[in-house]
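Residue-level structure breakdown
What follows is the residue order along each chain.
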Amino acid sequence: MSPRSDQKTIYEAAREAGAPGEEVVTSTCGHNCGGRCVVNAHVKDGRIVRISTDPRKWTFEMPPLTACARGFGAADRVNHPDRLRYPMRRVGPRGSGAYERVSWDDALDEVAAQMLRIRETYGPAAILDCSRSGNTAVLHNRAAIQRLLHLFGGCTELWSNLSNEAEIFALRHTYGPAADCKFSGREPTDYVNSRLMILWGWSPADGTFGTNNPQYLRWAHERGVRIVSVDPRATRTSAQMSDEHIPIRPGTDAAMLIAMAQVVVSEGLHDQAFLDRLVQGFDEAHLPESAPPGSSYRSYLLGLSDGVVKTPEWAQQLTGVPAATIRQLARDFATRRPAALHCGYAPGRTGYGEQFHRAAYALCAITGNIGIPGGNSGCSGGARNHGIKRLGAPPNPANSRVASTLLADVLARGRAGGYPADIKMVYSACGDLANQAPNVNKITAGLEGLEFMVVHDHFLTPTARYADIVLPATTFWERSDIHTPWSGAGHYAIFMRQAIEPMYECRNDVDICADLAARLGLEGYKRVDDVEWLREICAGTDVDDFDAFRERGLARLPAPEDPVAFADEVRDPAGHPFSTPSGKIEIYSTSIAANPDPHGLGRIPPIPTWIPPHEADPRHPLELISPKSRARTHSIHDNQAALARVDRQDVWIHPEDAAARGIADAQMVRVFNQRGATIVPARVTDRIALGVVSIKEGAWFTPDAAGADTRGCANVLTEDRASPCGAPTYNTCRVEIAPA
């Protein structure tokens, strides 16, 4: 999809003048936060004294990139009294937080010596890369560590995306391997062209999902677009801009989508012409030759293949959603065209979560809502690649890979559990996986058995407390970089100009790794300085004046010619086929049929299929979900008390579930299962579905003397289990609650 030929890039200084003696520097949070806002640092005497944001007034064509509470909290974070100030060596038990100060030379010499020893003794796969998405900018990101480790001979890598692996998998096998989750949806400016929008597990008013998505949703709603939210929680989006909220049991989303498709097909509301022209596997006439008879999606929906008709009444028993509600929503989606289905990530973070996304894309195809203004593919990303790519890493020569959600298990069992290696060392930067991966108690037990662990961070996080060497890293204010819209939502780029010198003895991840590379005898790690590197990255993109971009800070890039993804493929399938094996949208996936167990984690059917996410557990009858907090970016910011007031940590519980357990609002309760327990205040509210409870993810694991978490860390409860596509299953989690 090309940019509009009548538009040029606009360079804008999205800041007001500072007070006397202040320099105002434009940047954006370098975190995986759901937005990409203008965050301006007011610098006086070498210190950030306050934060401001984009002063532009709202317009539909060019809205301001207004910062959220976390952006305004960036000054408190960089100046936080608990910042790591110098390298440290562990002197107490792992997890104790007992460290001594050491010099940079001593710290890096020790890290290099341990890396060499472990590689020579056990092989490179004994080193586990635990770097993640705490830094996501173009230059300073987890690839800094990946480049080092891959040049060193490789490592074991955690390959799957803990946010949206189910979506990534479903996109590739439905729309083709060229489909990128960031650019397979539509521009927020297109929302107003829909007649109906279904937001399925997608709440921009809570998780943002693009800096101006909430504002564009509100704009569309005010102009008559009907909005329906499907979610176990009545979210802020449900309350503020939805016409209808439909509560659903976690993990049953695919069943409801399948039942909606059954209604559309059985009532003759499907777009047969669209299906005939563009879709493989909807009916028997459009199956590939290799598919067995009766394997089409239509046969499955109508019960011709298994004897079970997937009616709304069938789905009601699974989802808790009344059959009449399912039937009406299906009719509306098929007849109120153009209609758009927007899928969040959370329903895919369940057992067999890939089926949710596959079923969603199938419903969009059956109704002919793909590739047209006002419609959508089912993905909630943007519509066009901006061309600015993050710096990556060379291939991993060790070829040792583990699904990220299995971190706890690979640490615990290694080769005995069927994994590629026994893990002896962990290298962690830009992340906090001991807090953010599932089954925290099992992870920390596994970390106890390591021979060596090194962490780069800004604070002594739950992960850093287990390291042998802790290295103080710079924040995004202390280096230069570039960032682009989160998940492709919009068309702009922000130059993150360095605002202050690195504080204390902090160093950036790239420079740390460059020094380690020299100690390890590795050549070619870093070529030029950061600004020249960024200039090279922008070459050939819509950023056609790098110096203006660097000076002003904000580049407004040309909008795409089409506001929706796959418009070319739908308009001209012969000239622009989908990148699937058939060149079509594949409800019946040729690639899945050919390789139904691609990761050794379980078979995946070639058509969207309902598979129960778990068995009943009478000991733990409540379903736990763990949504995002507006006060944190995952675990980042959890040590900022002022931000904590924005979105208090608690457990949502339905009034009937609370009454049955003798729990009152604001009472401290114990949430527990066989993996662990956490203590947190209860919020008794009918905004959560009956039988479901909710704890926002990201609170720092803080155990008491008995080992129970005291701050509401949801991942002491979640299971280290992967769906067949390698996705995490955070939201398939059974718990019980009792007064503390």
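The rules we used
- Residues numbered from 1 in each chain as written.
- Predicted model: local features only at pLDDT ≥ 70, side-chain atom pairs only at ≥ 80, totals over all residues.
- Heavy atoms only, no water.
- Helix = DSSP H or I, 4+ residues; strand = E, 2+ residues; numbered from the N terminus.
- Rg over C-alpha atoms; globule rule 2.2 N^0.38 Å.
- Contact = heavy atoms within 4.5 Å.
- Phe/Tyr/Trp six-rings, centres within 6.5 Å; stacked < 30°, edge-to-face > 60°.
- Buried < 20%, exposed > 50% of the residue type's maximum accessible area, 1.4 Å probe, protein only.
- Salt bridge = Lys/Arg side-chain N within 4 Å of Asp/Glu carboxyl O.
- Disulfide = S-S within 2.5 Å.
- Pairing = 2+ DSSP bridges.
- Axes fitted to C-alpha atoms, helices over the stretch in contact; angles between N-to-C directions.
- Polar contact = N/O pair within 3.5 Å; in protein donor to acceptor, adjacent residues only side chain to side chain.
- Core = buried A, V, L, I, M, F, W, Y, C linked by side-chain atoms within 4.5 Å.
- Arc of directions from axis to C-beta.

Looking at the overall build of the chain
Looking only at helices and strands, the chain features 24 helices and 27 strands. For 740 residues, the compact-globule estimate of 2.2 N^0.38 gives 27 Å, and the chain sits close to it at 25 Å. Referenced to the eigenvectors of the C-alpha coordinate spread, the extents of the chain come out at roughly 70 × 60 × 50 Å. Sequence-distant contacts, at least 24 apart, represent 74% of the contacts inside the chain between residues at least 6 apart.

Concerning the packing of aromatic side chains
Per the counting criterion, the structure on display carries 18 aromatic pairs. Ring geometry for Y175 against F566: centres 4.6 Å apart, planes inclined by 20 degrees, an arrangement best described as stacked. Here the residue Y175 occupies a position in the loop between α5 (165-174) and β9 (196-200), and F566 occupies one in the loop between β20 (554-556) and α21 (567-571), the gap between them amounting to 391 residues. By relative accessible area, which is 1% here, Y175 ends up buried.

Regarding the pattern of salt bridges
Scanning all chains against the criterion turns up 43 salt bridges. In this structure, the salt-bridge partner of R497 is E23, at a minimum N-O distance of 3.5 Å. With R497 in the loop between β19 (492-496) and α18 (509-519) and E23 in strand β2 (residues 23-27), the pair connects residues that are 474 residues apart, well separated along the chain. E120 is paired through a salt bridge with R119; the nearest N and O atoms lie 3.2 Å apart.

Here's the deal with the state of the cysteines
Simply put, the disulfide is a covalent bond whose two ends are the sulfur atoms of two cysteines. Summed over all chains, the structure comprises zero disulfides. The thiol of C506 is unpaired, and the distance to the nearest cysteine sulfur, on C430, comes to 14 Å.

Describing unusual backbone geometry
Of note, the amide linkage connecting R337 to P338 takes the cis form, showing an omega dihedral of 0 degrees. In the Ramachandran plot, H637 falls in the positive-phi region, its phi being about 85 degrees despite a non-glycine side chain. Taking the relative accessible area as the measure of exposure, H637 reaches 3% and is therefore buried.

Concerning the sheet that holds strand β4 (residues 47-53)
Read across the open sheet, the three strands follow the order β2-β3-β4; overall the sheet is antiparallel. Lying at the two open borders of the sheet, with one neighbouring strand each, are β2 and β4. Recorded for the sheet is a direction-independent mean angle of 30 degrees between the axes of neighbouring strands. Summarising the sheet, strand β3 (residues 39-44) and β4 pair through six bridges and their orientation is antiparallel. Opposite V39, over in β4, you have T53 as the bridge partner.

So, the sheet that holds strand β22 (residues 622-625)
Strand order in the closed barrel formed by six strands is β22-β26-β23-β25-β24-β27, with mixed pairing between adjacent strands. Each strand of the sheet is rotated relative to its neighbour by a mean of 45 degrees, with strand direction disregarded. Pairing of β22 with strand β26 (residues 692-695) involves three bridges; the strand directions are parallel. The residue of β26 that forms the bridge with I625 is S694.

Some points on the side chain of D650
Following the sequence through the fold, D650 ends up in the loop between α23 (641-644) and β23 (651-653). A polar contact is formed between the side chain of D650 and the side chain of W652, at a distance of 3.5 Å. A polar contact of 3.2 Å, which involves the side chain of D650, links it to the side chain of K696. With residues near it in sequence (within four places) discarded, D650 still touches V680, P681, R683, S694, I695 and K696.

As for the nonpolar core
Counting 64 residues, the largest nonpolar core has W200, M256, Y297 and I366 as the members making the most contacts within it. With sequence-adjacent residues up to four places away left out, I366 is seen in contact with A261, V264, V265, H270, D271, L275, F282, Y297, L301 and I587. Listed in part, the 51 residues of the second largest apolar core include L391, I469, I482 and V531.

A few points about helix α7 (residues 213-222)
Every buried residue of α7 is accounted for by N213, P214, Y216, L217 and A220. Axial view of α7: buried residues confined to an arc of 165 degrees, hence all on one face. The first or second residue beyond α7 is G224, which carries a positive phi of 100 degrees.

Focus on helix α17 (residues 440-448)
Each α-helix winds once per 3.6 residues, and so residues spaced three or four apart point in a common direction. Every buried residue of α17 is accounted for by V440, I443, T444, G446 and L447. Projected down its long axis, α17 carries its buried residues within an arc of 155 degrees, all on one side. Tucked inside the fold, the buried residues of α17 contact α15 (407-413), β15 (425-428), α16 (433-436) and β16 (452-457).

Remarks on the pairing of strand β27 (residues 734-739)
Where a strand is regular, its side chains alternate between the two sheet faces. Note: β22 against β27, two bridges, orientation antiparallel. If you follow E623 over to β27, its bridge partner there is R734. Judged from the four bridges that link them, strand β24 (residues 668-673) and β27 form a sheet pairing that is antiparallel. Along β27, the bridge assignment pairs F672 with E736.

Comments concerning the environment of H456
Here H456 shows up in strand β16. A C-alpha to C-alpha distance of 9.6 Å links H456 and L84, two positions 372 residues apart in sequence. With near-sequence residues (within four places) excluded, H456 lies in contact with I145, Y427, S428, A429, C430, L471, A473, D509, I512 and C513.

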